[in-house]
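# A look at the structure
The lines below spell out each chain.
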Amino acid sequence: MKKIAVYPGTFDPITNGHLDIIKRGIKVFDEIIVAVALSPGKEPLFSVDERVKMISDMTSDMPGVSVESFQGLLIDSLEKHHAHVILRGLRAISDFEYEFQMASMNRKLASKFETVFMMTAEQYSYLSSRFVKEICRLGGKVDCFVPPEINSALIEKFKEKR
Ligand code: ADP
């Protein structure tokens with residue numbers, strides 16, 4: 001049986017930390033489906049189509065990785081893809097409480113799925129899309145946190161917004 005994992009998130013935008021998890025994940029799973037949540041509550045900077053396109057471009061050279069958007073319950077998305085694992089990244093301890101809650105809720109909804117956490121590389125353990133956006137919005141450099149294409153997309157986006 002193929003080991004298929006769904007890696008859900010907002011990815012607004014994808015960072016080197018997210019990519020680190022995908023690279024680690026694909027060593028363990030046969031397939032990873034990066035599932036981009038619409039997350040309207042987070043008022044994303046990039047549209048869902050832009051986020052999907054950016055991740056697809058960044059992962060095009062990674063066999064076994066695909067990208068799609070999803071809305072509704074995550075477990076329905078797993079069902080659709082015959083996946084059994086929800087992949088999540090863990091940074092600092094502060095992630096733990098939210099992740100614990102979400103994994104527990106998903107287990108309650110569908111106990112056949114497992115949530116697997118992967119620890120990011122140390123240099124990404126403080127990195128979040130939220131801070132990357134904030135730094136870029138204020139005119140700071142974020143090229144050490146995101147791939148060059150995402151850096152350009154961020155700069156463009158904030159130009160549009162001015
Ligand atoms: P969400 O809205 O689901 O929190 P995010 O895009 O912020 O979406 O995060 C998606 C997943 O990626 C989460 O499991 C999160 O912990 C993980 N993640 C985010 N940033 C990093 C990072 N720097 N290193 C490792 N994992 C990360």
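Placed above this text is the structure.
Before going into details, it helps to say that this report is about the structure given with it. (Residues numbered from 1 in each chain as written. Predicted model: local features only at pLDDT ≥ 70, side-chain atom pairs only at ≥ 80, totals over all residues. Heavy atoms only, no water.)

### Here's the deal with the sheet that holds strand β1 (residues 4–9)
If you walk across this open sheet you meet the 5 strands as β3-β2-β1-β4-β5, and the pairing is parallel. Only two strands of the sheet have a single partner each, and these edge strands are β3 (65–70) and β5 (114–119). Neighbouring strand axes in the sheet, compared pairwise and without regard to direction, differ in orientation by 30° on average. One ladder, built from 6 bridges, connects strand β2 (residues 31–37) with β3; its direction is parallel. Bridge pairing links Ile32 to Val65 in β3. Across the sheet, helix α3 (residues 74–81) touches β1, β2, β3 and β4 (85–90), and the angle it forms with β3 is around 135°. Across the sheet, helix α4 (residues 94–109) touches β4 and β5, and the angle it forms with β4 is around 175°. (Pairing = 2+ DSSP bridges. Helix = DSSP H or I, 4+ residues; strand = E, 2+ residues; numbered from the N terminus. Axes fitted to C-alpha atoms, helices over the stretch in contact; angles between N-to-C directions. Contact = heavy atoms within 4.5 Å.)

### What about the layout of surface pockets?
Roughly 1200 Å³ of internal volume is contained in the largest pocket. Looking at the largest pocket, it is lined by 40 residues, and the ones nearest its centre are Gly9, Thr10, Lys42, Arg88 and Tyr98. Counting only elements with at least two residues in the lining of the largest pocket, the list comes to β1, α1 (16–25), β4, α4 and α5 (129–137). Looking at the lining of the largest pocket element by element, the count peaks at 8 residues for α4. Across the lining of the largest pocket, the residue classes tally to 18 nonpolar, 14 polar and 8 charged. In this structure, the second largest pocket spans a volume of roughly 150 Å³. Every residue lining the second largest pocket is listed: Ile86, Phe96, Glu99, Phe100, Ala103, Ser104, Asn106, Arg107, Phe113, Glu114, Thr115 and Phe117. Secondary-structure elements contributing two or more residues to the lining of the second largest pocket are α4 and β5. Across the lining of the second largest pocket, the residue classes tally to 6 nonpolar, 3 polar and 3 charged. (1 Å grid on protein atoms, 1.4 Å probe; cavity = no way out; pocket = protein on both sides within 12 Å on 5 of 7 lines; lining within 4 Å. Points joined across faces, edges and corners; volume = space filled by probe spheres on them. Nonpolar A, V, L, I, M, F, W, Y, C, P; charged D, E, K, R; others polar.)

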